[in-house]
Amino acid sequence: MAKTNDRTRGRLGKDEAEEIGLEALGFLVSDPDRLERFLALTGLTPATIRDASRSPHFLAAVLDHVASEDDLLIACARAIDVAPERLAEAQRLVSPSFE
């Protein structure tokens, strides 16, 4: 059953976009191969990811990564129960260039 909250209908706000970013991070972390690829591409390590997550740009990096590959974007969207377009909208909202 599809969710009927602000995450799936209407415009996203910054808080909802950040929530989607956190769920996307959970999606990456739930699979060692996906996490390893994210870490390799960002230069982070398991030891530095916690500090990096405190950066206001961290969720933008997570969503940029997820959106960088169609298969990854679709898999993440399914896993966190949002449309791929909502992930793209969340990416835009948390992007430093949007502020």
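Residues numbered from 1 in each chain as written. Predicted model: local features only at pLDDT ≥ 70, side-chain atom pairs only at ≥ 80, totals over all residues. Heavy atoms only, no water.

J.: Outline the pattern of salt bridges, supporting the account with residue identities and numerical values.
T.: Tallied over the full model, the rule gives three salt bridges. Residues D51 and R54 are paired through a salt bridge, measuring 2.5 Å at the closest nitrogen-oxygen approach. Ionic pairing is found between R86 and E89, a salt bridge with its closest N-O pair at 3.0 Å. With R86 and E89 both in helix α6 (residues 84–94) and three residues apart, this pair spans about one turn of that helix. Relative accessible area serves as the criterion here: at 8%, R86 is assigned to the buried category. (Salt bridge = Lys/Arg side-chain N within 4 Å of Asp/Glu carboxyl O. Helix = DSSP H or I, 4+ residues; strand = E, 2+ residues; numbered from the N terminus. Buried < 20%, exposed > 50% of the residue type's maximum accessible area, 1.4 Å probe, protein only.)

J.: Please set out the packing of aromatic side chains residue by residue, giving values where relevant.
T.: Applying the stated criterion to the full structure yields one aromatic pair. Taken together, a centroid distance of 6.3 Å and an interplanar angle of 80° make the contact between F38 and F58 edge-to-face. Residue F38 is located in helix α2 (residues 32–42), and its partner F58 is located in helix α4 (residues 58–67); the two are separated by 20 residues in the primary sequence. Of the two residues examined, F38 and F58, each falls in the buried class. (Phe/Tyr/Trp six-rings, centres within 6.5 Å; stacked < 30°, edge-to-face > 60°.)

J.: Just give me the short version of α2, but keep the residues and values in it.
T.: Between the side-chain oxygen of the N-cap and the backbone nitrogen of D33 there are 3.0 Å, and the N-cap of α2 in question is D31. Trailing α2 by a residue or two, G43 shows a phi angle of about 80°, which is positive. (Polar contact = N/O pair within 3.5 Å; in protein donor to acceptor, adjacent residues only side chain to side chain.)

J.: So what about the packing of helix α1 (residues 14–29) against helix α5 (residues 70–80)? Which residues, and what values?
T.: Look at α1 against α5: their axes get within 10 Å of each other, and the N-to-C directions meet at 110°. The pairing of α1 with α5 is recorded here as roughly perpendicular in orientation. From α1, I20, E23, A24, F27 and L28 reach across to α5, where they touch L72, A75, C76, A79 and I80. When its residues are assigned to classes, the contact of α1 with α5 shows nine nonpolar, no polar and one charged. (Axes fitted to C-alpha atoms, helices over the stretch in contact; angles between N-to-C directions. Parallel < 35°, antiparallel > 145°, perpendicular 65-115°, else oblique. Contact = heavy atoms within 4.5 Å. Nonpolar A, V, L, I, M, F, W, Y, C, P; charged D, E, K, R; others polar.)

In short, the description is geometric, and any link to function would need to be established separately.
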